[in-house]
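Per-entry structural report
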Amino acid sequence: MNDKHPKRPGTRVIHGGQRPEPITGAIMPPIFTAATYVQESPGQHKGFEYTRSHNPTRYALERMVATLEGSPVTEEQDPSCGGFAFASGLAATATLLELVDHGSRVVAMDDLYGGTRRLMSQVRARTQGLDLCYADLSDNTVCTEVLTSETRMVWVETPTNPLMKLADLAAIASIAKAANPDVLVVCDNTFATPILQRPLEHGFDIVMHSSTKYLNGHSDVVGGVVVAKDAALTERLRFLQNAIGSVMGPMDAYMTLRGIKTLDVRMERHNRNAQLVAEFLEGHPQVERVVYPGLASHPQHELARRQMDGFGGMVTFFIRGGLDAARTMLESLEVFQLAESLGAVESLVNHPAIMTHASVPPETRAALGISDSLIRLSVGIEDAQDQIDDLERAFTAVGG
Ligand SMILES: *Cc1c(COP(=O)(O)O)cnc(C)c1O
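Remember, it's a predicted structure, so these values are computed and weren't measured experimentally. Sequence positions are assigned chain by chain, starting from 1 and proceeding in written order. A pLDDT threshold of at least 70 governs which residues receive local features in this predicted model, and a stricter bar of 80 or more applies before side-chain atom pairs are shown or counted, although totals over entire chains, interfaces and linings include all residues. The side-chain values count all of the structure's non-hydrogen atoms but skip hydrogen atoms and water molecules.

Below, the discussion takes up the overall build of the protein. Put simply, DSSP H or I for four residues or longer makes a helix, DSSP E for two residues or longer makes a strand, and each gets a number counted from the N terminus. When helices and strands are tallied, the protein shows 14 helices and 12 strands. The C-alpha atoms of the protein give a radius of gyration of 21 Å, which matches the 21 Å a tight globule of 400 residues would have. Projected onto its principal axes, the C-alpha positions of the protein cover 75 × 50 × 35 Å. Going through the 400 residues of the protein one by one, you find that 56% of them count as buried. Residue contacts are counted whenever heavy atoms from the two residues lie within 4.5 Å of one another. Within the protein, contacts between residues at least 6 apart in sequence are counted, and of these 72% link residues at least 24 apart. All accessible-area figures derive from a Shrake-Rupley calculation using a 1.4 Å probe, and residue coverage is judged against the displayed protein chains alone. As presented, the protein carries roughly 16400 Å² of accessible surface, and 53% of it is formed by carbon and sulfur atoms. Side-chain charges of the protein comprise 35 positive and 48 negative groups, with the mean position of each set lying 4 Å from the other. In this description the radius of gyration comes from C-alpha coordinates, and the expected globular size is given by 2.2 Å times residues to the power 0.38. For each residue, the accessible area found with a 1.4 Å probe, counting protein chains only, is set against the maximum for its type, and the residue is called buried under 20%, exposed over 50%, and partly exposed in between. We count Lys and Arg on the positive side and Asp and Glu on the negative side, and we leave His and both chain ends out. A charged residue contributes its charge at one atom only: NZ of Lys, CZ of Arg, CG of Asp or CD of Glu.

Here's what the structure looks like:
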């Protein structure tokens, strides 16, 4: 695309960082599967030596995500404009944690993706001596207390999984930087996507995604991406991506790039369907409470309106009747498939206490409010009425 004139997100998801392939004019990049590239003379090559370090198909995806997140890094500064793709979301996270030294203090949101918390607490606390602090960063008073001059990295998810808590991105970045100008502030933007929220605009240093979820959107690729806010951080990440080597393969990069092209239209439908489903649940007698940022009852609805361009496809609710009711509900749904993961075209339902968050210790789950009656919906892009009918049938099966 001619990038001279800035484009809106709905156009960037199609053309961001893309150009016709130079030899044939192919509109989509070829899937370059070669592991290595032939050199004319030792050290003389076309900028590509070995696929772990350089791959044109992966670059195309990386430039796309960097453009969507609004990184100012140019192609002259870095071949992928500050975007980096990894074998999974957790591979991306594992690489990012290498930005801080042994023994560093890392402050993370308390309601965190279970796998991220497991990597930090059960692996890196031991091997990297990380001094971890989990805190409710949705509360600015808590942020002021825990984000001190000792903090080397801040890890935020917003909205969180599964409790849909929001963090005020601008406030967190400014509080953390005031305490320590060298702190690295990272946002896991998996739930919101760059269509709804761009953390770099709020002063964040790094954005990461499990591209397995909304970015790819079709439940057929596991991957992770990272975007850096400037050239200096990009250089450090380029070194780490290559040195650690948990890169995304070219086939996965192609599939993910293909998936991203419909991200804007998918998010529009996810937003609309989730709002309808959340409103239906809120009015249902068998539901104790619904948590969705698009509902006026969400405690941070105002922040959601200010910070996000839409409220996303994730809806959490508490069913009356505890574990037994939850189990019957989950066994009765047809449109909502009982599976881990989220963010794809098909609707999924998850029971965090038994499924995705089983690795979180029961005391921690209880303290956070991840009870046995909590059900998490990833509202897909099917017809909203079929989604609502499905939920109604399942409530009838539960009895009430
Ligand atoms: C799934 C997920 C991850 C982990 O990504 P993988 O691709 O499964 O490794 C990290 N953060 C969030 C919010 C997720 O939903």
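The set of residues buried in helix α9 (residues 250-260) consists of Pro250, Ala253, Tyr254, Thr256, Leu257, Gly259 and Ile260. Residues of α9 that are buried make contact with α1 (9-15), α2 (56-68) and α10 (263-282).

Two modes of strand pairing occur in sheets, parallel and antiparallel, and in both the strands are linked by backbone hydrogen bonds. Note on pairing: DSSP must find at least two bridges between two strands before they are called paired. Spatial strand order, β8-β9-β12-β11-β10: five strands in an open sheet with mixed pairing. Two strands close off the open sheet at either side, each with one partner strand: β8 (287-291) and β10 (337-338). Direction of pairing for β8 relative to strand β9 (residues 314-319): antiparallel, over a ladder of four bridges. Paired with valine 290 across the bridge in β9 is phenylalanine 317.

This part is about the site of the ligand. In the neighbourhood of the ligand, the contacting residues comprise Ser88, Gly89, Leu90, Tyr113, Asp188, Thr190, Ser210, Thr212, Lys213, Gly223 and Leu342. Side-chain atoms alone can form a polar contact between residues adjacent in sequence; in general such a contact is a pair of N or O atoms within 3.5 Å, and within protein one must be able to donate a hydrogen while the other accepts it. Take leucine 90: an N or O atom from its main chain is 2.9 Å from an oxygen atom of the ligand. Aspartate 188 is positioned with one of its side-chain polar atoms (N or O) 2.7 Å from a nitrogen atom of the ligand. Calculation on the ligand without its partners gives an accessible area of 380 Å², and the protein chains cover 92% of this total. Proximity is defined per residue: if any heavy atom of the residue lies within 4 Å of a molecule or strand, that residue is considered near it.

Any two cysteine sulfur atoms lying within 2.5 Å of each other are counted as a disulfide. Throughout the structure, instances matching the rule amount to zero disulfides. Of the cysteine sulfurs around cysteine 143, a residue in no disulfide, the closest is that of cysteine 133, at 10 Å.

On to a negative patch on the surface. Nonpolar side chains (Val, Leu, Ile, Met, Phe, Trp, Tyr) within 5 Å and like charges within 9 Å form the patches, drawn only from residues with over 30% relative accessible area and no salt bridge. Every case where a carboxyl oxygen of Asp or Glu lies within 4 Å of a side-chain nitrogen of Lys or Arg is listed as a salt bridge. There is a patch of like negative charges on the surface, built from Asp383, Asp386, Asp389 and Glu392. Tracing the backbone through its elements, the reader meets aspartate 386 in helix α14 (residues 384-398). Residue aspartate 386 is classed as partly exposed on the basis of its relative accessible area of 42%.

What follows is about the sheet that holds strand β2 (residues 105-109). Sheet architecture is open: seven strands sit in the order β1-β7-β6-β5-β4-β2-β3, paired in mixed fashion. Each of the sheet's edge strands pairs with one partner strand only, and the pair in question is β1 (83-86) and β3 (131-135). On average, each strand axis in the sheet is tilted by 20° relative to the strand beside it, whichever way the strands run. By the bridge criterion, four bridges tie β2 to strand β4 (residues 151-157) in an arrangement that is parallel. Opposite valine 106, over in β4, you have methionine 153 as the bridge partner. Here an angle of 0 to 180 degrees is reported between the N-to-C directions of two axes, which are lines fitted to C-alpha atoms, with helices fitted over the stretch in contact. Helix α4 (residues 114-127) rests against β2, β3 and β4 of the sheet, and its axis sits at about 155° to β3.

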